[in-house]
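A structural walkthrough
These are the residues of each chain, in order.
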Amino acid sequence: MALIALLGAFLIPFLLSSLQGLTHVLTCQQATNVPFTVELPEHGEPTISSSSVITREQANGLCGGLHLDMRVGQESASKVRIILPINNGTKHEWQGSVKLHLGGTSVPVRIGSIPAGQTRQDVIHFHVDPGTHEINGSLLIGP
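A brief look at the structure comes next. (Residues numbered from 1 in each chain as written. Predicted model: local features only at pLDDT ≥ 70, side-chain atom pairs only at ≥ 80, totals over all residues. Heavy atoms only, no water.)

Some points on the overall build of the protein chain
Within the protein chain, the regular secondary structure consists of two helices and 10 strands. Reading the secondary structure of the protein chain in the N-to-C direction produces α-β-β-β-α-β-β-β-β-β-β-β. Counting over 143 residues, the protein chain shows a buried share of 31%. (Helix = DSSP H or I, 4+ residues; strand = E, 2+ residues; numbered from the N terminus. Buried < 20%, exposed > 50% of the residue type's maximum accessible area, 1.4 Å probe, protein only.)

So this is what it looks like as C-alpha cells:
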C-alpha cells in the first residue's frame, strides 16, 4: 500500500499539469509585439490597422532565430483572415505554435514541425462582431 502511495506522489505533477491546448512542450515563449486593431462599425467597411517597431534585438528573430510575420486581412464584411507564418532561421528543427490573443480570448494555433531554414504557416478565419478588437500573438516553440 505504501509503495502505491509513493508511486502516486510521483504521478501528481503529471496528472495536474496542462499544456493548455498545445501538442508540444514549451522551451521558449515570446510575444511578437505587433498588434492588429480591427474596427468594424455598425454600417460600413471594417478598418484594419497595425504598426511595428523593429529594434536591433528583434532583428535576430524571436526565440533565437525564428520569425513570426503575422498578417491580418479582410475576408468579408464581418470576417478577417489571420495568416501565421513561422520562418526557422536556425540550424535545428522546431515544433511551433502561435498563441493568438483575439480580444479577451486566447487560442493556441498549431503550426507543426518547422525544419531548419524553412517556413510553415497556418491560416485562421475569425468572425468579428461590430466594435473594436485587438489581435496579437505569441510564438510558442518546443523541441
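Moving on, there is more to tell.
Details of the environment of Gln29
Along the chain, Gln29 falls in strand E1 (residues 28-31). The exposure class of Gln29 is partly exposed, given its relative accessible area of 46%. Counting along the chain gives 69 residues from Gln29 to Val98, while the straight-line C-alpha distance between them is 9.2 Å. Contact partners of Gln29, with chain neighbours within four places excluded, come to Cys63, Lys99, Leu139 and Leu140. (Contact = heavy atoms within 4.5 Å.)

Overview of the pairing of strand E6 (residues 79-88)
For E6, the buried fraction is high: seven of the 10 residues fall into the buried class. Bridge count between strand E4 (residues 66-68) and E6: three bridges; the pairing is antiparallel. Pairing of His67 across the sheet is with Asn87, part of E6. In terms of strand pairing, strand E5 (residues 71-76) meets E6 through five bridges, oriented antiparallel. Residue pairing across strands places Val72 opposite Ile82, the latter belonging to E6. In sequence, E5 turns back onto E6 through a hairpin of two residues. (Pairing = 2+ DSSP bridges.)

Section: the environment of Ser50
Inspection of the secondary structure assignment puts Ser50 in strand E3 (residues 47-50). Taking C-alpha positions, Ser50 is 6.3 Å from Thr37, a pair spaced 13 residues apart along the chain. Residue contacts for Ser50: discarding those within four places in its chain leaves Val34, Pro35 and Phe36.

Brief notes about the nonpolar core
Ranked by size, the top nonpolar core spans 24 residues in total, and within it Ile82, Leu84, Ile86, Leu100, Ile135 and Leu139 carry the most contacts. Residue contributions to this core peak at four residues, all from E6. When residues no more than four places from it in sequence are discounted, the contact partners of Ile86 are Leu66, His67, Leu68, Gly96, Ser97, Val98, Ile111, Ile114, Gln118, Thr119, Arg120 and Leu139. (Core = buried A, V, L, I, M, F, W, Y, C linked by side-chain atoms within 4.5 Å.)

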